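Each chain is listed here by its residues.
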Amino acid sequence: MASWSEFAADEPRLADGIRVLLQQYGPGFGYLATVRADGGPRVHPVSPVITDEGLFCFIIDSPKRRDLERDGRYALHSFPPEESDDEAYVAGRARPVTDPARVARLAQGARAEPLVDWQLFEFTVDVAMLTRREQHTAGIPGLAPARPAVRVWLDPRAPSAAAAAPVAVPQTRPTRRSRDVQCTAA
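Rules used in this analysis
- Residues numbered from 1 in each chain as written.
- Predicted model: local features only at pLDDT ≥ 70, side-chain atom pairs only at ≥ 80, totals over all residues.
- Heavy atoms only, no water.
- Helix = DSSP H or I, 4+ residues; strand = E, 2+ residues; numbered from the N terminus.
- Buried < 20%, exposed > 50% of the residue type's maximum accessible area, 1.4 Å probe, protein only.
- Areas by Shrake-Rupley, 256 points an atom, 1.4 Å probe, with all protein chains shown as cover.
- Arc of directions from axis to C-beta.
- Contact = heavy atoms within 4.5 Å.

**Regarding the overall build of the chain**
Helix and strand counts for the chain come out as five helices and 10 strands. Expressed as a percentage of the 186 residues in the chain, the buried residues total 43%. For the chain, the computed accessible surface area is about 10400 Å², with 55% contributed by carbon and sulfur atoms.

Listed below in structure tokens is the structure:
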């Protein structure tokens, strides 16, 4: 499982695009999906924190925190921008940060309320995806919308990376981990 920093070092443009969408309204804003005890999904809005150290989230005492403590699998999706249908997605595992100095440094930098019962989690990145859609042709009569440009990164060390990898995906440059995917319009 790659840290955000490892992913960003491997694919800086993709990581930057995801960061921009997650932080488009200032502080991070996205939807966190976790796995409930019965195996079903749970989705909550969160404020992810992206630093040079990694991808983090301060999670208050809540069902989503208990989900992460029990089963660290997560998916994080950006909030939709007002001017486009672009989207960012990362998934992997969340793990509690236990180093007090690291927790204090990140809490101060993110201005986490000290009197709130929160736990700091770091999110690893098994899968990262960025979808960009051309907006200048949308809504023009007689002109078909352009296909979205999708960029996917898979951590080859992740247990499910081989199984999740698309079979026939064109690559724009030699790499073991990332792929450009052309999607058809729905």
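The rest of the description comes next.
**Observations regarding unusual backbone geometry**
One non-glycine residue, R111, adopts positive backbone phi at about 55°. Relative to the assigned elements, R111 resides in the loop between α4 (100–110) and β7 (118–123).

**Remarks on α4**
Within the sequence span of α4, burial applies to R102, V103, L106 and A107. Relative to the axis of α4, the buried residues are bounded by an arc of 125° and lie together on one face. More than 90 degrees from the buried face of α4, the exposed residues found are P100, Q108 and G109. In the core, the buried residues of α4 are packed alongside β4 (55–60) and β7. Residue R111 follows α4 closely and has a positive phi angle near 55°.

**A word on helix α2 (residues 12–22)**
Residues L14, A15, G17, I18, L21 and L22 constitute the buried set of α2. Buried residues of α2, seen end-on, are gathered within an arc of 160° and therefore sit on one face of the element. Residues of α2 that are exposed and angled more than 90 degrees away from the buried face: P12 and R13. Of the surrounding secondary structure, the elements contacted by the buried residues of α2 are α1 (4–10), β3 (49–50), β5 (73–78), β6 (87–96), β8 (127–132) and β9 (149–154).

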